[in-house]
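A look at the structure
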Amino acid sequence: TGLRPTFGSISRSGAMVLCWSLDKAGPICRSAEDCAIVFHYIHGTDGKDPGSVDKNFNYDGVADFKKLKVAYAENYFKRLAVDAPERKVLEVYKSLGADIKPVDFPDSTVYPVNLISLILNAESAAAFDELTRTNRDDLIERQDKGFWPNSFRAARLIPAVEYINANRYRYNLCKTINDFMKDYDLVIVPSFAGRQLAITNLTGHPVVVMPMGFNQNGSPLSITLIGNLYEEAIILAAAKA
């Protein structure tokens, strides 16, 4: 089970920079409760990361589904097969007492172009600028088209205007997702459906990703719970349940 916490909820001091406005640190543990324990000890700021803040983490491990407002992304789930394992997750939450509302998760209408690649590539190229300028990127073993050395090199040609406009779109995206999420405590989504993974990465919303079984080939499958900013306690308790 993994927790990608709200942007800024854990100091990133000591970690390698990839993308200043996207980088987040979080625990990967055996269970949701283990993630909560680790998050309890590492969340907040140490004074070394100006992008981190101190927020309360009021976790008691109890998810009161009579009070929690739970939704699922119907626009993603309807693309799944009738017997898709993800659907069993909804049945489990219903059996726990959750009144799950079908919703359309904002997707292509709010994310019409691939903002995350543009922003990530530009910022990572800046972070590794010296590596590129000194040609030490030639020492990296992988040099295929999509790997980091070539993305760093190519990103030097991204116009500043495009990077700034991408972040202007991102600002509007943050407002849209905040307005959408304020009506729910958590939204259940298939982990790799649509654009929600890129969207929440850009907006900084926390997610818990937990195992839910295996596919026909024996590979593990997961489900994702999206929460409101700084509400890690709620999605972790729901994941524990």
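Here the structure is shown first, and the text comes after it.
Rules of the game
- Residues numbered from 1 in each chain as written.
- Predicted model: local features only at pLDDT ≥ 70, side-chain atom pairs only at ≥ 80, totals over all residues.
- Heavy atoms only, no water.
- Helix = DSSP H or I, 4+ residues; strand = E, 2+ residues; numbered from the N terminus.
- Buried < 20%, exposed > 50% of the residue type's maximum accessible area, 1.4 Å probe, protein only.
- Pairing = 2+ DSSP bridges.
- Axes fitted to C-alpha atoms, helices over the stretch in contact; angles between N-to-C directions.
- Expected span 1.5 Å × (residues − 1).
- Arc of directions from axis to C-beta.
- Contact = heavy atoms within 4.5 Å.
- Core = buried A, V, L, I, M, F, W, Y, C linked by side-chain atoms within 4.5 Å.
- Disulfide = S-S within 2.5 Å.

Structural notes on the environment of Asp129
Tracing the backbone through its elements, the reader meets Asp129 in helix H5 (residues 129-133). When its relative accessible area of 23% is taken as the criterion, Asp129 is described as partly exposed. A C-alpha to C-alpha distance of 7.8 Å links Asp129 and Phe152, two positions 23 residues apart in sequence.

Regarding the pairing of strand S6 (residues 220-227)
In terms of burial, S6 is a largely internal element, six of the eight residues being buried. Two elements, strand S5 (residues 207-214) and S6, share seven bridges in a ladder whose sense is antiparallel. Directly across from Met210, in S6, lies its bridge partner Ile223. Joining the antiparallel neighbours S5 and S6 is a turn of five residues, in which Gly218 adopts a positive phi near 90°.

What about the sheet that holds strand S4 (residues 186-190)?
The six strands lie next to each other as S1-S5-S6-S4-S2-S3, forming an open sheet whose pairing is mixed. Across the chains shown, the open sheet's two edge strands, defined by having one partner strand only, are strand S1 (2-4) and strand S3 (100-103). Within this sheet the neighbouring strands show an average axis-to-axis angle of 30°, counted without direction. With five bridges connecting them, S4 and S6 associate as antiparallel partners. Counterpart to Val189 in the pairing with S6 is Thr224.

Focus: helix H7 (residues 160-181)
Compared with the 32 Å implied by 1.5 Å per residue over 22 residues, the 31 Å span of H7 between its first and last C-alpha is a close match. Of the residues making up H7, those classed as buried are Ala166, Arg170, Leu173, Ile177, Phe180 and Met181. Seen along its axis, H7 keeps its buried residues to an arc of 85°; they face one direction. Facing away from the buried side of H7 by over 90 degrees, the exposed positions are Ala160, Val161, Arg168 and Tyr171. Elements in contact with the buried residues of H7: S3, helix H4 (115-127), S4, helix H8 (196-203) and S6.

So, the nonpolar core
Within the largest apolar cluster, 32 residues are counted, with the highest numbers of intra-cluster contacts made by Phe65, Val70, Tyr93, Ile100, Ile188, Leu225 and Leu236. Residue assignment for this core shows that the elements contributing at least two residues are helix H1 (32-42), strand S2 (70-73), helix H3 (85-95), S4, S5, S6 and helix H9 (232-240). Among the elements that line this core, the one with the most residues is H9, at six residues. In contact with Tyr93, other than residues within four places in its own chain, are Phe65, Ala98, Ile100, Ile188, Met210, Leu225, Ala238 and Ala239. In terms of nonpolar packing, the next biggest core, distinct from the first, is built from 26 residues, Leu22, Ile119, Met181 and Val189 among them.

Overview of the state of the cysteines
This structure, assessed with the given rule, holds zero disulfides. In this model Cys29 remains outside any disulfide bridge; the closest cysteine sulfur is found in Cys35, 4.0 Å from its own. Between Cys174, a free cysteine, and Cys19, which holds the nearest cysteine sulfur, the sulfur-to-sulfur gap is 13 Å. Exposure remark for Cys174: the relative accessible area of 22% places this residue in the partly exposed category.

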